[in-house]
Amino acid sequence: LNKVFADLPVTIFEAMSQAARDNNAINLGQGFPDDPGPEDIRRAAAEASLNGYNQYPSMMGLPELRQAIATHYGHWHGLKLDPMSEVMVTSGGTEALTSAILAVVRPGDEVVCFQPVYDSYLPIIRQAGGIPRLVRLEPPHWRLNEDMLKSVFNSKTKAVLFNNPLNPSAVVYPREDLELLARYCQEFDVIAICDEVWEHVTFDEHEHIPLITIPGMRERTIKVGSAGKIFSLTGWKIGFVCAAPQLLRVAAKVHQFLTFTTAPNLQAAVAYGLGKSDDYFLSMRKDLTRSRDRLTKGLESLGFPVLKSQGTYFLTVDLSPLGLNESDTEFCWRIVKDYKVAAIPVSAFYEQDPVTSVVRFCFAKKDKTLDTALERLSDAV
Ligand code: GLN
């Protein structure tokens, strides 16, 4: 049996969601909203199916969706993409990342990753024969710096895998950090695989800047996006890969034998959704900002030190000032059992030298869900 996979534990998201079910707990662990999602987009999916969008679509995705993705990024970021040679639809962001990694990484190649690292990256890099080189990011700012990059980039570095906005830390990286990373990618001739699935979920003054738009990165960046996060329909599993033709072509070769295509009616509905006016995206941010603030205030009033969330569905709490004498993992198992609220320990996103005091809560929930969770946690610390 394949050692890379046999030795892995069950993903923390599934483990915690199962614990939430077993304990009849409110699930603020795995990141998914508990409202039904935009009705017009769901209706568009139903209608597309009734109107015949049910057989294998083109392997690269419905032409109308590829066009909609190109138009969308042109509008939001001034990024000019050719929909036919630079855009591919995948079955979710995870498949998009897997296609990109398997396309780029050869045995012995080094791949720079940043801890906290999303749990699907390292097993796929290793399966490709790649060697992850881990950079350790730390609370409360989780920022990049030159020393970190200097210590891992070298002539064997083939790729960097960068998640921005960063799950679970809820950071939206400023231009300065992106320019630093871009400089190293160019100096060492490295391909950047960018997991930007949270690109529309940013708050306050924080705006997402795609790495592909930083000077010098257009030809060496594979940008990954996800309709699940853009429209709060996480189970739809519609992802996108955008990259220069020579990169996209190889990612497409991988994709053809991973999933080949993706449900056409869902693709048609996402194409419709991407055409929505800016108001839709801004009001989604406003709603999520309100939920973030509700959970932040509630947790703070219970005595939890909350780190500010700049984006994603998540906020984090740093337990270290509380003197609890337990790790983030112990804390999460205690509260799911004793207080019936599930959360995610951030140490699960580290392979070496974990930060063990930070816990992630998902706030993309109805007010009532958040309020009940807060009531339950009232004497947890
Ligand atoms: N992206 C989701 C999260 O961070 C989890 C998705 C999954 O369960 N694989 O919570």
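What you see is a predicted model, and the numbers here were worked out from it, not measured in a lab.

Caption draft 1: Quick peek at the packing of aromatic side chains. Under the criterion given, the structure shown has 18 aromatic pairs. Seen from their ring centres, Y56 and F260 are 5.9 Å apart, and the 70° between their planes marks the pair as edge-to-face. Of this pair, Y56 sits in the loop between α3 (39-50) and α4 (63-77) while F260 sits in the loop between α11 (245-258) and α12 (264-274), placing them 204 residues apart in sequence. Ring centres 5.5 Å apart and planes at 70° place the aromatic pair F114 and F162 in the edge-to-face group. You can see F114 sitting in strand β3 (residues 110-115) and its partner F162 sitting in strand β5 (residues 157-163), a full 48 residues away along the chain.

Caption draft 2: Main features of the packing of helix α6 (residues 93-104) against α11. Axis separation between α6 and α11 bottoms out at 8 Å; the angle between their running directions is 120°. Our classification of the angle between α6 and α11 gives oblique. α11 is crossed by α6, and the crossing has right-handed handedness. In this structure, α6 contributes E95, T98, S99, L102 and A103 to the contact, and α11 contributes V250, A251, V254, H255 and L258. Tallied by class, the residues present in the contact of α6 with α11 amount to six nonpolar, three polar and one charged.

Caption draft 3: Structural view of the sheet that holds β5. Spatial strand order, β2-β8-β7-β6-β5-β3-β4: seven strands in an open sheet with mixed pairing. One side of each edge strand has no neighbouring strand; the edge strands of this open sheet are β2 (87-90) and β4 (131-136). With strand direction ignored, the average angle separating the axes of adjacent strands in the sheet is 20°. Summarising the sheet, strand β7 (residues 221-226) and strand β8 (residues 239-242) pair through four bridges and their orientation is antiparallel. Paired with K223 across the two strands is C242, which belongs to β8. Relative to the sheet, helix α9 (residues 175-187) contacts β3, β5 and β6 (191-195), its axis offset from that of β5 by approximately 165°. Together, β2, β6, β7 and β8 form the strand contacts of α11, whose direction differs from that of β2 by roughly 20°.

Caption draft 4: Geometry of the site of the ligand. The environment of the ligand is made up of F13, Q30, G31, Y118, N167, F314 and R360. Here an oxygen atom of the ligand and a side-chain polar atom of N167 are 2.8 Å apart. Using a 2 Å cut-off from the grid points, one finds that the ligand occupies the largest pocket. Classifying every residue of the shell around the ligand gives three nonpolar, three polar and one charged.

Caption draft 5: Looking closely at the layout of surface pockets. Each pocket or cavity is described by its volume, and for the largest pocket that value is around 1000 Å³. T11, F13, Y118, D119 and S120 are the residues nearest the centre of the largest pocket, which is lined by 40 residues in total. For the lining of the largest pocket, the secondary structure elements donating two or more residues are α2 (12-22), α6, α7 (121-127) and α10 (227-230). Within the lining of the largest pocket, the residues separate by chemical class into 19 nonpolar, 13 polar and eight charged. Two domains share the lining of the largest pocket, each providing at least three of its residues, namely domain 1 (3-37 + 279-376) and domain 2 (39-276). Considered as a void within the structure, the second largest pocket measures approximately 340 Å³ in volume. Lining the second largest pocket are 19 residues, with D35, S232, M284, D287 and L288 sitting closest to its centre. With seven residues, the top contributor of residues to the lining of the second largest pocket is helix α13 (residues 278-301).

Caption draft 6: Structural view of α9. The terminal C-alpha atoms of α9 lie 18 Å apart, and with 13 residues this matches the ideal 18 Å at 1.5 Å per residue to within 8%. Among the residues of α9, D177, L178, L180, L181, A182, Y184 and C185 are the ones counted as buried. As for α9, its buried residues are in contact with β3, α8 (146-152), β5 and β6. Among the residues trailing α9, D189 stands out with phi positive, at a value near 55°.

Caption draft 7: Summary view of the sheet that holds strand β13 (residues 358-362). With respect to topology, four strands assemble into an open sheet ordered β9-β10-β13-β12, the strand pairing being antiparallel. Strand pairing shows two members of the sheet lacking a second neighbour, β9 (306-307) and β12 (344-345), which therefore form its edges. Where β9 and strand β10 (residues 314-318) come together, two bridges link them in antiparallel fashion. Bridge pairing links V306 to V317 in β10.

Caption draft 8: Here's a closer look at the pattern of salt bridges. In this structure the tally under the stated criterion is 24 salt bridges. E14 serves as the salt-bridge partner of R21, at 3.3 Å between the closest nitrogen and oxygen. Given the relative accessible area of 37%, E14 is considered partly exposed. Between R334 and E326 there is a salt bridge, with its nearest N and O atoms 2.7 Å apart. What makes E326 partly exposed here is its relative accessible area of 22%. Three or more residues are tied together by salt bridges with common partners; here these are R290, R294, D367 and D371.

Analysis parameters
- Residues numbered from 1 in each chain as written.
- Predicted model: local features only at pLDDT ≥ 70, side-chain atom pairs only at ≥ 80, totals over all residues.
- Heavy atoms only, no water.
- Phe/Tyr/Trp six-rings, centres within 6.5 Å; stacked < 30°, edge-to-face > 60°.
- Helix = DSSP H or I, 4+ residues; strand = E, 2+ residues; numbered from the N terminus.
- Axes fitted to C-alpha atoms, helices over the stretch in contact; angles between N-to-C directions.
- Parallel < 35°, antiparallel > 145°, perpendicular 65-115°, else oblique.
- Left-handed = near helix turned anticlockwise from the far one by under 90°.
- Contact = heavy atoms within 4.5 Å.
- Nonpolar A, V, L, I, M, F, W, Y, C, P; charged D, E, K, R; others polar.
- Pairing = 2+ DSSP bridges.
- Near = heavy atom within 4 Å.
- Polar contact = N/O pair within 3.5 Å; in protein donor to acceptor, adjacent residues only side chain to side chain.
- 1 Å grid on protein atoms, 1.4 Å probe; cavity = no way out; pocket = protein on both sides within 12 Å on 5 of 7 lines; lining within 4 Å.
- Sits in = over half its atoms within 2 Å of the grid points.
- Points joined across faces, edges and corners; volume = space filled by probe spheres on them.
- Domains from an automatic or database assignment.
- Expected span 1.5 Å × (residues − 1).
- Buried < 20%, exposed > 50% of the residue type's maximum accessible area, 1.4 Å probe, protein only.
- Salt bridge = Lys/Arg side-chain N within 4 Å of Asp/Glu carboxyl O.

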